[in-house]
Amino acid sequence: MKPVTPGLDLAFTIEAEIDAPLSAGTSPDGERLHIPITGGRVFGPRLTGRVLPGGSDWPVIAPDGTSRIEARYTIEAEDGTPIYVVNKGLRVSSDDVRTRLRSGEAVDPAEFYMRAAPVFDAPSGPHRWLTERLFICSLAPMGRTIRIDVYIVT
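This one's a predicted model, so the numbers in the text were calculated from it and none came from an experiment.

Chemist: How should the packing of aromatic side chains be read in this particular structure?
Modeler: Both the distance between ring centres and the angle between the ring planes are used here to describe each pair of aromatic rings. Evaluation of the coordinates by the stated rule reveals three aromatic pairs. Summarising the aromatic geometry, the rings of F12 and F120 are spaced 5.7 Å apart at their centres and angled 65 degrees between planes, so their arrangement reads as edge-to-face. With F12 in strand β1 (residues 8–18) and F120 in strand β9 (residues 113–121), this residue pair connects regions lying 108 residues apart in the sequence. Across the pair, exposure class does not vary: F12 and F120 are buried alike. Both rings, one in F120 and one in F135, keep their centres 5.0 Å apart while their planes meet at 80 degrees; by these two values the pair is edge-to-face. A residue pair is termed long-range when its members are at least 10 positions apart, and F120 in strand β9 and F135 in strand β10 (residues 135–142) qualify at 15 residues. Each member of the pair F120 and F135 is classed as buried. What links up through ring pairs into an aromatic cluster is the set F12, F120, W129 and F135.

Below, the structure written as structure tokens:
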């Protein structure tokens, strides 16, 4: 027997609202940013709700321009269930694209690579499936909003 070949199915979309990035300065690993997450919405075939304010993304931009993403925030499902999210990923782009993104300009997502692997912590109940599966997402910054299409790995 051989293992099952994984597939991807769209589970839901997150549109996270963010404030302007704040630089925490440079280190040997690169420049650390703090990007406050101020709210947002969640919609799609498997989950509906909102992004609660108070989360943050703490990316590190390496000297070569590669960004390591690490966002932590809470989704409140439509039924009121809080779901903790840790989303780690990678953005690879040219210097020009990075400058345009940082200024808040809309940049075609085909011009850069931005993917992440969110991990969800949901309590027992109707949203427990989020802790029992792997996910991958594709991200598209749009000014002060980040669109995150979340796919379940089947």
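Chemist: Sorry if this is basic, but what is going on with a nonpolar patch on the surface here?
Modeler: A surface patch of nonpolar side chains, amounting to about 240 Å² of accessible area, comprises L90, V92 and Y113. Position of L90 relative to the elements: it lies in strand β8 (residues 82–92).

Analysis parameters
Residues numbered from 1 in each chain as written. Predicted model: local features only at pLDDT ≥ 70, side-chain atom pairs only at ≥ 80, totals over all residues. Heavy atoms only, no water. Phe/Tyr/Trp six-rings, centres within 6.5 Å; stacked < 30°, edge-to-face > 60°. Helix = DSSP H or I, 4+ residues; strand = E, 2+ residues; numbered from the N terminus. Buried < 20%, exposed > 50% of the residue type's maximum accessible area, 1.4 Å probe, protein only. Patch = residues over 30% accessible without salt bridge, like charges linked within 9 Å, V, L, I, M, F, W, Y side chains within 5 Å. Areas by Shrake-Rupley, 256 points an atom, 1.4 Å probe, with all protein chains shown as cover. Salt bridge = Lys/Arg side-chain N within 4 Å of Asp/Glu carboxyl O.

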